[in-house]
Amino acid sequence: MMAEQEPQGRLAAVAEPTSRCPLCGGTAASVIERCGDVCTELCAGCDVAYLTPVPSMSALGAHYDHGYYAEWISTQQRARRRLWRQRLKLVRARRSGGDLLDVGCGDGSFLEVAQAGGFLCAGTELSEYAAERVRRRLRVPVMTGPVRAIEWPVASFDVVTMWHVLEHLTDPRGDLAIVHRLLRPGGLLVIAVPNRLCRLFNGVYRLIKGSTPPFYTPDERELHLFHFTTDSLRRLLEGRGFRVLTAGMDVEDADWRKRWTDRAARWWCHLTGVNRSLTILMIAEKPRD
């Protein structure tokens with residue numbers, strides 16, 4: 001399968017010595033964006049774009065303090081609740097119950113609807129502020145820290161969800177290996193990430209602001225360390241032992257401006273089968289044998 005191409009309008013790719021790709025270990029990469037000392041590089045081997053240098057775990061933990069969640073808890077709470085209910089429908093279409101782990105559970109909104117929908121829930125969260133808030137509100141176990149640093153018995157869960165989390169992790173490949181080990185045979189991984197090839201949104205953004213949206217800015221709220229396409233995410237999951245069952249788009253965003261762009265992208269995908277929306281959704285299975 002031919003790899004999807006990077007949209008035009010970024011800085012021209014410049015071949016230069018780079019660090020090894022954090023995912024595949026390849027050394028053939030090019031800089032596709034530069035912001036001060038921070039670069040976004042595109043790996044020629046696995047077609048994943050990544051931020052370099054990678055922030056430390058302490059810096060990432062400080063990034064997700066109480067201010068990060070303030071908008072979710074206040075002005076977006078109602079819209080986000082609708083979003084989580086729609087996401088739960090995607091899960092329940094394949095699993096009606098069981099033990100569910102939400103990696104990067106944030107303020108616990110998905111755990112809340114999953115618990116009400118019949119799942120026995122647990123979560124992980126990098127932010128101690130958010131984790132403690134979920135523990136108090138829902139009375140579910142939430143472990144603080146990256147999933148690779150948290151000890152659960154092998155084959156503990158029927159479903160693992162990762163809602164726009166993978167792109168924030170410092171070691172997606174290693175963390176997916178842990179998730180694979182935590183799932184029971186036949187268990188589901190439901191994962192959503194931003195789409196690097198969201199051309200419709202990029203076009204609208206360029207029309208309004210005169211430039212392509214940056215991968216990184218110094219005051220970035222949503223700090224994405226990795227940028228995936230449908231093809232590169234599929235290869236990553238399959239390389240970690242998963243069988244991809246479906247690949248498509250995540251449910252509509254809580255932000256109304258992004259919803260309108262994605263509706264046009266859904267229409268385009270219906271006609272062509274090509275995902276140019278803001279998001280990628282994949283459902284994968286841990287094989288039984």
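In this text, all values refer to a predicted model and were calculated from it rather than measured experimentally.

Enquirer: Could you give an account of a nonpolar patch on the surface, with specific residues and numbers?
Expert: Taken together, the side chains of Trp-267, Trp-268 and Leu-271 make up a nonpolar region of the molecular surface, amounting to roughly 370 Å² of accessible area. Relative to the helices and strands, Leu-271 is located in helix H9 (residues 256–272).

Enquirer: Any chance you could break down the nonpolar core for me, citing the residues and the numbers?
Expert: Among the nonpolar cores identified, the biggest contains 43 residues, and Val-160, Met-162, Leu-166, Leu-189, Ile-191, Phe-228 and Leu-237 are the most heavily contacted of them. Listing elements by their share of this core, those giving two or more residues are strand S3 (38–43), strand S4 (49–52), strand S5 (98–103), strand S8 (157–163), helix H6 (172–182), strand S9 (183–194), helix H8 (230–239) and strand S12 (279–285). Other than its neighbours up to four places away in sequence, Ile-191 contacts Met-162, Leu-166, Leu-176, Leu-237, Ile-280, Leu-281 and Met-282. Core analysis: the second largest hydrophobic core is formed by 25 residues, Leu-100, Phe-110, Val-113 and Leu-138 among them.

Enquirer: Tell me what's going on with the packing of helix H4 (residues 109–116) against helix H5 (residues 128–138), and back it up with residues and numbers.
Expert: Close contact between H4 and H5 brings their axes to 10 Å; oriented N to C, the two are set at 25°. Taken together, H4 and H5 sit at an angle that is classed as roughly parallel. Crossing of H4 against H5: the hand is right-handed. Residues Ser-109, Leu-111, Glu-112 and Gln-115 of H4 form the contact with H5, whose own contacting residues are Val-134, Arg-137 and Leu-138. Class assignment for the residues of the contact of H4 with H5 results in 3 nonpolar, 2 polar and 2 charged.

Enquirer: An account of the pattern of salt bridges is requested, with residue identities and associated values reported.
Expert: Inspection of every chain in the model, using the stated rule, returns 11 salt bridges. Across the pair Glu-285 and Arg-243 runs a salt bridge whose closest N-O atoms are separated by 2.6 Å. Here Arg-243 lies in strand S11 (residues 243–248) and Glu-285 lies in strand S12, a separation of 42 residues in the sequence. Note on Glu-285: relative accessible area 13%, which makes it buried. We classify Arg-243 as partly exposed; its relative accessible area is 40%. Via salt bridges that share partners, Glu-128, Glu-132, Arg-135 and Arg-136 belong to a single interconnected network.

Criteria and cut-off values
Residues numbered from 1 in each chain as written. Predicted model: local features only at pLDDT ≥ 70, side-chain atom pairs only at ≥ 80, totals over all residues. Heavy atoms only, no water. Patch = residues over 30% accessible without salt bridge, like charges linked within 9 Å, V, L, I, M, F, W, Y side chains within 5 Å. Areas by Shrake-Rupley, 256 points an atom, 1.4 Å probe, with all protein chains shown as cover. Salt bridge = Lys/Arg side-chain N within 4 Å of Asp/Glu carboxyl O. Helix = DSSP H or I, 4+ residues; strand = E, 2+ residues; numbered from the N terminus. Core = buried A, V, L, I, M, F, W, Y, C linked by side-chain atoms within 4.5 Å. Buried < 20%, exposed > 50% of the residue type's maximum accessible area, 1.4 Å probe, protein only. Contact = heavy atoms within 4.5 Å. Axes fitted to C-alpha atoms, helices over the stretch in contact; angles between N-to-C directions. Parallel < 35°, antiparallel > 145°, perpendicular 65-115°, else oblique. Left-handed = near helix turned anticlockwise from the far one by under 90°. Nonpolar A, V, L, I, M, F, W, Y, C, P; charged D, E, K, R; others polar.

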